[in-house]
Amino acid sequence: TYLPFDWDEYLRETKSIAAPYECFKQAVTFPQNEFKIGMKLEALDPRNVTSTCIATVVYIQGLRLRLRLDGSDNKNDFWRLVDSSEIHTIGYCEKSGGMLQPPLGFRMNASSWPMFLLKTLNGAEMAPSKIFQREPPGPRTNLFQIGQKLEAVDKKNPQLICCATVGNIKQDQIYVTFDGWRGAFDYWCRYDSRDIFPCGWCAKTGHPLQPPGQKNAAGNNRFKGRTLTVVNTSDIQSPEADTSAPPPPPITVYVYKTCTGGPLVDVTQ
Ligand code: MLZ
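From a predicted model like this one, the values you see are computed outputs, not experimental measurements.

How each quantity is defined
- Every chain's residues receive numbers from 1 upward, in the order its sequence appears when written.
- Whole-chain, interface and lining totals are the exception, using all residues; otherwise, since this is a predicted model, local features are given only for residues with pLDDT of at least 70 and side-chain atom pairs are given and counted only at 80 or more.
- Derived side-chain values reflect all non-hydrogen atoms in the structure, with water molecules and hydrogen atoms excluded from consideration.
- Under the scheme used here, helices are H or I runs from DSSP no shorter than 4 residues and strands are E runs no shorter than 2 residues, and both carry numbers assigned from the N terminus.
- Partly exposed residues are those whose accessible area sits between 20% and 50% of the maximum for their type, while under 20% is buried and over 50% is exposed, using a 1.4 Å probe and protein chains only.
- Any two residues whose heavy atoms approach within 4.5 Å at even a single point are treated as in contact.
- Surface exposure here means Shrake-Rupley accessible area, sampled with a 1.4 Å probe, where a residue is shielded only by the protein chains that are shown.
- Confidence of the prediction at every residue is given by pLDDT, a number between 0 and 100.
- Two strands are said to pair when DSSP picks up at least two bridges between them.
- Only protein atoms enter the 1 Å grid used here, on which a cavity is any set of points holding a 1.4 Å probe that cannot leave and a pocket is any open set flanked by protein within 12 Å on both sides along at least five of seven lines; residues with an atom within 4 Å of a point are listed as lining.
- Grid points are joined across faces, edges and corners, and a volume is the space filled by probe spheres set on the points.
- Ten residues, namely Ala, Val, Leu, Ile, Met, Phe, Trp, Tyr, Cys and Pro, are considered nonpolar, four, namely Asp, Glu, Lys and Arg, are considered charged, and the remaining ones, Gly among them, are considered polar.
- By definition, the arc is the one covered by directions from the helix axis to the C-beta atoms.
- We count a salt bridge whenever a side-chain nitrogen from Lys or Arg sits within 4 Å of a carboxyl oxygen from Asp or Glu.

Trainee: Just to check I follow, could you spell out the overall build of the protein for this structure?
Mentor: Helices and strands together make up the secondary structure of the protein, namely four helices and 13 strands. Going through the 269 residues of the protein one by one, you find that 43% of them count as buried. For the protein, the proportion of contacts with a sequence separation of at least 24, taken over those separated by at least 6, is 63%. When the accessible surface of the protein is split by element, carbon and sulfur atoms take 54% of a total near 14,900 Å².

Below you can see the structure in the form of structure tokens.
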């Protein structure tokens, strides 16, 4: 069973405050996530944002969609919120005078793109326009203050949303530092980034939240959850399992410090 992280207790324990909701470019009333795995839509290629490509929803987590560009490999999946301004219904690009492009690293010859496009869209389940949500307006200025707590996407492991602190502020940018990870995952982003959320967002939208890491000596052990990733699923997967499917999402498991995890989990992370 999933034990939600107790922000109130953590804020008390760390004598810190949560960044207020007005700081974030996030919806106040949560939209529904009516997307389904397999649906196709148009998305900007994150590695080449001047290109609009066809993407398929390969996984759904709370209000986030895990997307894979058609014609690309499965190593460059990315995540978007259902109210992202970077996703649209199929046909949107052409209606606005644009042309669908092959993704960066298209795995076939460029000349086969028109045929590939026809085939990938033929009989596909296209995400209907009514399930796309309008992007929230967001604040007009940077309202964050140093020391405030938040929830933030770990850009190196973008399936994870983790406990974080505003470590610094410079004009329109904030420095996101991840609690208990000694700076290894920290980054600068704009105050209106869609990758940062108010404390409690994950719990309210049905997304797992990674608790603080254990890589700093100070603090209370009670909060030091460990993220265990299943490293070998061959024993537990049926032989007919689809090996091209995305890996299962990491699961946060609270364990005693002496627990070794057994052969299927990697506790070194
Ligand atoms: N165990 C993995 C993921 C760490 C995630 C940290 N998030 C702030 C690692 O050590 O790379």
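Trainee: What is the right way to look at the confidence of the model for the protein in this model?
Mentor: Where the model shows low pLDDT, its predicted coordinates should not be examined in detail. Taken as a whole, the protein shows an average pLDDT of 87; of its residues, 79% reach a score of 70 or greater. Throughout residues 229-236 the model reports pLDDT below 50, and contacts reaching past four residues in sequence, or to other chains, amount to 13 contacts. In the predicted assembly, ipTM is 0.94 and pTM is 0.80.

Trainee: Sorry, what's going on with the sheet that holds strand E6 (residues 149-153) here?
Mentor: Hydrogen bonds between backbone groups are what pair the strands of a sheet, and the pairing can be parallel or antiparallel. Strand order in this open sheet of five strands is E9-E8-E7-E6-E10, and the pairing throughout is antiparallel. Edge strands, defined here as strands with exactly one partner in the open sheet, are strand E9 (187-190) and strand E10 (196-197). Where strand E8 (residues 173-178) and E9 come together, four bridges link them in antiparallel fashion. Bridge pairing in E9 links Gln173 to Arg190.

Trainee: Please clarify how the pairing of E6 should be interpreted in this entry.
Mentor: The side chains of a regular strand alternate between both faces of the sheet. For E6, the buried fraction is high: five of the five residues fall into the buried class. Both faces of E6 are covered, namely the face carrying Lys149, Glu151 and Val153 and the face carrying Leu150 and Ala152. Alignment of E6 against strand E7 (residues 161-170), held across five bridges, turns out to be antiparallel. Paired with Val153 across the strands is Ile161, a residue of E7. When E6 meets E10, the two strands line up antiparallel, connected through two bridges. In the strand pairing of E10, Glu151 is matched with Phe197.

Trainee: Sorry if this is basic, but what is going on with empty space enclosed by the protein here?
Mentor: Empty pockets left among the atoms are what a rolling probe the size of a water molecule brings to light. Summed over all chains, the structure comprises three cavities of 30 Å³ or more. Volume-wise, the second largest cavity comes out at about 50 Å³. If you trace the second largest cavity, you find it lined by Gln26, Ala27, Phe30, Pro31, Leu63, Leu81, Val82, Asp83, Arg194 and Trp201. A per-class count over the lining of the second largest cavity returns seven nonpolar, one polar and two charged.

Trainee: Would you take a moment to explain unusual backbone geometry for this structure?
Mentor: When glycine is set aside, most residues are seen to have a negative phi, and most peptide bonds are trans. Even without being a glycine, Lys15 presents a positive backbone phi close to 50 degrees. Structurally, the position occupied by Lys15 is in the loop between helix H1 (7-13) and strand E1 (40-45). In this structure, Gln171 takes a positive phi of about 45 degrees despite not being glycine. Secondary-structure assignment places Gln171 in the loop between E7 and E8. The exposure class of Gln171 is exposed, given its relative accessible area of 71%.

Trainee: I'm lost on helix H3 (residues 113-121) in this one. Help?
Mentor: Two residues of an α-helix separated by three or four positions point the same way, owing to the 3.6 residues in each turn. Here H3 has its buried residues at Trp113, Phe116, Leu117, Thr120 and Leu121. Here the buried residues of H3 occupy an arc of 115 degrees about the axis, which is enough to place them on one side. Along H3, exposed side chains directed more than 90 degrees from the buried face belong to Leu118 and Lys119. Where H3 terminates, the next one or two residues include Gly123, which has phi positive at roughly 75 degrees.

Trainee: Got a minute to help me understand the pattern of salt bridges in this structure?
Mentor: Side-chain pairs of opposite charge can arise where the charged atoms are in close proximity. In this structure the tally under the stated criterion is eleven salt bridges. Where Asp77 meets Arg68, a salt bridge forms, and the shortest distance between an N and an O atom there is 2.8 Å. Residue class for Asp77 comes out buried when judged on its relative accessible area of 13%. Taking the relative accessible area as the measure of exposure, Arg68 reaches 13% and is therefore buried. Arg194 is paired through a salt bridge with Glu135; the nearest N and O atoms lie 3.1 Å apart.

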